[in-house]
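# Coordinates in review
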Amino acid sequence: KAGVTQTPRYLIKTRGQQVTLSCSPISGHRSVSWYQQTPGQGLQFLFEYFSETQRNKGNFPGRFSGRQFSNSRSEMNVSTLELGDSALYLCASSLEGWGTEAFFGQGTRLTVV
Amino acid sequence: AQKVTQAQTEISVVEKEDVTLDCVYETRDTTYYLFWYKQPPSGELVFLIRRNSFDEQNEISGRYSWNFQKSTSSFNFTITASQVVDSAVYFCALSGGNNAGNMLTFGGGTRLMVKP
């Protein structure tokens, strides 16, 4: 069974640009969550999508957005990039329901210069 | 508000030593789930265990064991006879409330270094 796939693995962007990250969950998983990991703030929840609807949202500015497609694949977008957006972005897929175990991808390392 | 605290930021042990990673949580939910994840240098978080708030039984899985104590809001993780391959960052996480979905609140992580 294939795991969670995130693309690209590495990205370098310039301040002010926008970026789109992609996540393909495990087959059969309908919940996709996104997390930002930085040395200073640790792992922080961005949002969760379930059946193409945003189910929960973390405390991030509106520059951070996401969506989920009918095949459960998800994308997150960050507009008007800031230096502080440099981070490892992790995607997790889970079965439907609450509190189910999350399976994480290897992440996308975003560097904003 | 939910909070997870891992007071130990870094632990260094010599191979074959036992090591306990501490986790203390705060939540107003009466029903919640607790998790432990391992993050090796490759970056992905690897699921280790899930425990719901109604199940205070301790669990042992090979060299790993978990001690859940609701009275002290703690969910500690012990590795017996540590090995170099156990070196990683370990995260404790909480998912609380029916409307939390699969949202996880993570602790700051404990970096474990096992030296040969």
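## Observations concerning the overall build of chain A
- The helix and strand inventory of chain A stands at 0 helices and 11 strands.
- For chain A, the succession of helices and strands along the chain, N to C, is β-β-β-β-β-β-β-β-β-β-β.
- Over its C-alpha atoms chain A spans a radius of gyration of 13 Å, differing by no more than 12% from the 13 Å that the globule rule assigns to 113 residues.
- Referenced to the eigenvectors of the C-alpha coordinate spread, the extents of chain A come out at roughly 35 × 25 × 25 Å.
- Counting all 113 residues of chain A, 51% fall into the buried class.
- Residue pairs at least 24 apart in sequence account for 53% of intrachain contacts in chain A once pairs closer than 6 positions are excluded.
- With the model as given, the accessible surface of chain A reaches about 5300 Å², and the carbon-plus-sulfur share is 48%.

## Observations concerning the packing of aromatic side chains
- The tally for this structure, following the rule as stated, stands at 20 aromatic pairs over all chains.
- For the pair A:Y35 and B:F106, a centre-to-centre distance of 5.5 Å together with 85° between the ring planes defines the contact as edge-to-face. Residue A:Y35 is found in strand β4 (residues 31–38), and its partner B:F106 is found in strand β11 (residues 105–106); the two belong to separate chains.
- Judged by its relative accessible area of 8%, B:F106 is buried.
- Geometrically, the ring pair formed by B:W36 and B:F77 is tilted, given 5.3 Å between the ring centres and 50° between the ring planes. Taken as a pair, B:W36 in strand β5 (residues 32–39) and B:F77 in strand β9 (residues 74–79) lie far apart in primary sequence, 41 residues in all.
- B:W36 gets classed as buried once you look at its relative accessible area, which sits at 0%.
- Feature note: the residues A:Y35, A:F45, A:F104, B:F35, B:Y37, B:F47, B:F91 and B:F106 constitute an aromatic cluster, connected by ring pairs.
- Taking the ring centre of A:F50 as reference, the NZ or CZ of A:R55 above it sits at 4.5 Å.

The rules we used
- Residues numbered from 1 in each chain as written.
- Chains lettered and ligands numbered in written order.
- Predicted model: local features only at pLDDT ≥ 70, side-chain atom pairs only at ≥ 80, totals over all residues.
- Heavy atoms only, no water.
- Helix = DSSP H or I, 4+ residues; strand = E, 2+ residues; numbered from the N terminus.
- Rg over C-alpha atoms; globule rule 2.2 N^0.38 Å.
- Buried < 20%, exposed > 50% of the residue type's maximum accessible area, 1.4 Å probe, protein only.
- Contact = heavy atoms within 4.5 Å.
- Areas by Shrake-Rupley, 256 points an atom, 1.4 Å probe, with all protein chains shown as cover.
- Phe/Tyr/Trp six-rings, centres within 6.5 Å; stacked < 30°, edge-to-face > 60°.
- Lys NZ or Arg CZ within 6 Å of the ring centre and 35° of its normal.

Scope: geometric values only; no functional claims are made or implied.
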